[in-house]
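Structure at a glance
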Amino acid sequence: METLNHLPCPVLVTDHLGYIQSANSALCALINRSEAQLQLGAMDALFPLASRILLQTQVWPLLRSQGNVAEVQLSLLGPGTAELPVVVNGQRGSLGDVACYYWVFFVALERNRFEFELRGARQHAEDVARELVDSARFIQTITDALPSLVAYWDKDERCHFANKPYLEWFGIHPEDVIGSTLMDLLGPHRYALNEPYLRAVLAGEPQRFERSLSKADGSTGYTLAHYMPDRNAAGAVVGFFVLINDISSTKAAENELKLAASVFRNTVDGIMVTDADGVILSVNPAFSSITGYSAEDMLGRTPALLQSQHHDAAFYAAKAQALARDGHWAGELWSRRKNGEAFLEWQTITSIPGSAETPTRFVTVFNDITERWHKDERIRHLALHDPLTDLPNRQLLMERLGQSIAKTEREPRPLALMFLDLDQFKQVNDTLGHDRGDELLVRVAQKLLSQVRQNDTVARLGGDEFVILLDNPLSQDYVAQIAARIVDALHAPLTLGDQQVQLGASIGIAMHPRAGATPAELLKNADAAMYTAKRAGKNTHRFFNAES
Ligand SMILES: Nc1nc2c(ncn2[C@@H]2O[C@H](COP(=O)(O)OP(=O)(O)OP(=O)(O)O)[C@@H](O)[C@H]2O)c(=O)[nH]1
């Protein structure tokens, strides 16, 4: 019975009649009796009357029939007259071959404390469990509301947690995800792609990688994934957290930006970005190669640095006004390179309206069309000039004549048209050759130009026929003087190679408007007057006279 003494609660062993076989030290201490005093006495003696009645009427019958009783509230006689409330549990047992009964007492006070502690522990466990449930729900709710995909996988690659976006991305039912493996989720192909990162994170290395990731709906998103190792208290990796962000739109925007930056760098068009005050914020390499100004030259300056002398202040003012009104301007513009050379550009300026976050910007895109302009000019020139002498041809002469006539309608003034034909030119060709004839025609052109003013026109109609348009000559006498001067100048001997040549010229003059109101009329009548001069003996001039 020694073992009973190790028990912290009071214990009594009786025979089937209730005689005490043994009592442990906890019981002896409780009721302040020695075991010897108790030995072989009736257990009833340990209880006050009320408890004894309960024992005999309730407890023993139950114990005999069932073999045990539990949680019976009785009182023990304590030291003096004290009654100690106890809770009694009885259990049938045996000592060798003899049946016996074990009685275990819980002192109510202790029992209450124990129960209190037990209740407290239970409450605590419930609270912890509730907290766990609450925190799981909290995490689930929070992560479900995130745009990111969140999951947790253990070291065996089994899923313990996945938020709603994660489930939706992969098209998994919430019930199916917990416990499923990564291989189940990803399939062999995607698993193989992810495997290096899995190995690395399970080896304790956080992973960050970008990847196209197909969705359950068949579309593909561009993602940025993070794998973060989860370690236990001992530092061993027990799983890993997954955080995936869909960065498709950021990536697309990034790609657009990259493309725009690449266009900015590589386009052959010059690009200049200014702020609302026209201060240059950036220029591209093509800008520098066209203008000769580096980015360092231009940043912080204004485009005024490029202005040429080709346009007046009104031009620039009109351009600024159109830009302010329409947010856009396009046109040709002469500008100046760093080396001072003028160049023609085709320029487009677009204003990019600002917002609260972004200020207004002006983007100027231009290309150098000087060369094309020169080519066009050359073509235009060739179309309107005589290739041999470079004098205006018939078409240009008629245009200018038309313009001059139109001008006289606004501000009346005299116009004289001289038709000049060389005398005996054929002979030059015949005797000196066609090349010498050409040379002579060029010399004649030069002589004619030297006889007239800047705003007069000397044209060659072809062969040895020239026309001179005198714009606003002082008088008919003045015209006659010029004609005589020209005849004299052409009559002066010329040296062609080693030959001396003396030419003559016949000039017919039509005065506007008397000798014709239209270019064609004037030309026809000047031609007629020239024939009159030829008939009069050549090397002279005649005015057109309608009566003659
Ligand atoms: N060298 C050269 N000769 C030309 C050119 N175009 C026309 N001719 C020649 O110029 C001559 C002009 O003819 P005409 O005006 O009838 O001859 P002309 O000898 O001046 O006769 P008159 O005017 O009556 O004095 C012709 O012999 C043409 O072949 C040219 O571009 N170069």
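Residues numbered from 1 in each chain as written. Predicted model: local features only at pLDDT ≥ 70, side-chain atom pairs only at ≥ 80, totals over all residues. Heavy atoms only, no water.

- As annotated in an unreviewed UniProt entry, the chain carries the name Diguanylate cyclase (GGDEF)-like protein/PAS domain S-box-containing protein and comes from Rhodoferax ferrireducens.

1. As for the site of the ligand
- In the vicinity of the ligand, 16 residues are found, and the nearest of them are D421, N429, D438, D464 and K534.
- Within the backbone of H434, an N or O atom sits 3.1 Å from a nitrogen atom of the ligand.
- Between the ligand and the protein, one listed contact pairs an oxygen atom with a side-chain N or O atom of R460 at 2.8 Å.
- In isolation the ligand exposes 650 Å². Once the protein is present, 66% of that is buried. (Near = heavy atom within 4 Å. Polar contact = N/O pair within 3.5 Å; in protein donor to acceptor, adjacent residues only side chain to side chain. Areas by Shrake-Rupley, 256 points an atom, 1.4 Å probe, with all protein chains shown as cover.)

2. Comments concerning the pattern of salt bridges
- Tallied over the entire structure, the rule returns 21 salt bridges.
- A salt bridge links E195 to R199; the shortest N-O distance between them is 3.0 Å. Pair noted here: E195 and R199 are both in helix 7 (residues 182-202), with a separation of four residues, about one helical turn.
- Taking relative accessible area as the criterion, E195 reaches 30% and is therefore assigned partly exposed.
- R413 is paired through a salt bridge with D471; the nearest N and O atoms lie 3.0 Å apart. (Salt bridge = Lys/Arg side-chain N within 4 Å of Asp/Glu carboxyl O. Helix = DSSP H or I, 4+ residues; strand = E, 2+ residues; numbered from the N terminus. Buried < 20%, exposed > 50% of the residue type's maximum accessible area, 1.4 Å probe, protein only.)

3. A short note on the confidence of the model for the chain
- On average, the chain scores 89 in pLDDT, and the residues at 70 or more come to 95%.
- For this predicted complex, the interface confidence score (ipTM) comes to 0.94, while the overall pTM stands at 0.54. (pLDDT = per-residue confidence, 0-100.)

4. Describing the pairing of strand 6 (residues 149-154)
- Across the six residues of strand 6, six count as buried, placing the element largely inside the fold.
- Here strand 6 shows no split at all, with L149, A151 and W153 on one side and V150, Y152 and D154 on the other all buried.
- Where strand 6 meets strand 10 (residues 237-246), six bridges bridge the pair, whose relative direction is antiparallel. Across the sheet, the residue bridging to A151 is V242, located in strand 10.
- Of the pairings in the sheet, the one linking strand 6 to strand 7 (residues 159-162) comprises three bridges and is antiparallel in character. Bridge pairing links A151 to A162 in strand 7.
- Counting the residues in the hairpin turn of strand 6 and strand 7 gives four residues, including E157, whose phi is positive at 65°. (Pairing = 2+ DSSP bridges.)

5. Let's talk about the side chain of T389
- The topology assignment puts T389 in the loop between helix 12 (370-384) and helix 13 (394-410).
- T389 gets classed as buried once you look at its relative accessible area, which sits at 13%.
- Reaching out from T389, the side chain makes a polar contact with the side chain of D386 at a distance of 2.4 Å.
- Apart from residues no more than four positions distant in its own chain, T389 is found in contact with L441, V442, A445 and R460. (Contact = heavy atoms within 4.5 Å.)

6. Notes on the packing of helix 13 against helix 17 (residues 519-535)
- Closest axis-to-axis distance for the helix 13/helix 17 pair is 9 Å, and the angle between their directions is 115°. As far as their axial angle goes, helix 17 and helix 13 are roughly perpendicular. Where helix 13 crosses over helix 17, the two elements pack in a sense that is right-handed. For the pair helix 13 and helix 17, contact is made by R394, L397, M398, L401, G402 and I405 and by P519, A520, L522 and L523, respectively.
- Looking at side-chain class alone, the contact of helix 13 with helix 17 contains eight nonpolar, one polar and one charged residues. (Axes fitted to C-alpha atoms, helices over the stretch in contact; angles between N-to-C directions. Parallel < 35°, antiparallel > 145°, perpendicular 65-115°, else oblique. Left-handed = near helix turned anticlockwise from the far one by under 90°. Nonpolar A, V, L, I, M, F, W, Y, C, P; charged D, E, K, R; others polar.)

7. Side note on a nonpolar patch on the surface
- On the surface, a nonpolar cluster with roughly 370 Å² of combined accessible area is contributed by F138, I139, I142 and L146.
- Mapped onto the secondary structure, I142 falls in helix 4 (residues 108-145). (Patch = residues over 30% accessible without salt bridge, like charges linked within 9 Å, V, L, I, M, F, W, Y side chains within 5 Å.)

8. Some points on the sheet that holds strand 9 (residues 220-231)
- Pairing in this open sheet of five strands is antiparallel, and the strands run 7-6-10-9-8 from one edge to the other. At either end of the open sheet lies a strand with only one pairing partner, and these are strand 7 and strand 8 (207-214). Mean inter-strand twist for the sheet, computed between neighbouring axes without regard to direction, equals 25°.
- Sheet analysis places strand 9 next to strand 10, joined by nine bridges and oriented antiparallel. Paired with Y227 across the bridge in strand 10 is V242.
- Against the sheet, helix 7 touches strand 6, strand 8, strand 9 and strand 10, its axis set at about 165° to strand 8.

9. Re the sheet that holds strand 13 (residues 328-336)
- Spatially, five strands are ordered 12-11-15-14-13 in an open sheet, and the strand pairing comes out antiparallel. One side of each edge strand has no neighbouring strand; the edge strands of this open sheet are strand 12 (280-283) and strand 13. Sheet twist, expressed as the average angle between the axes of neighbouring strands with direction ignored, equals 25°.
- In this sheet, strand 12 lies alongside strand 11 (residues 270-275) in antiparallel orientation, the contact comprising three bridges.

10. Here's the deal with the packing of aromatic side chains
- Applying the stated rule across the entire model yields 13 aromatic pairs.
- For the ring pair Y166 and F170, a centre distance of 5.0 Å and an interplane angle of 45° mean the geometry is tilted. You can see Y166 and its partner F170 sitting in helix 5 (residues 164-170), four residues apart, about one turn around the helix. Of the two residues examined, Y166 and F170, each falls in the buried class.
- Measuring from centroid to centroid gives 3.6 Å for Y197 and F209, while their planes differ by 10°, and the two rings are stacked. (Phe/Tyr/Trp six-rings, centres within 6.5 Å; stacked < 30°, edge-to-face > 60°.)

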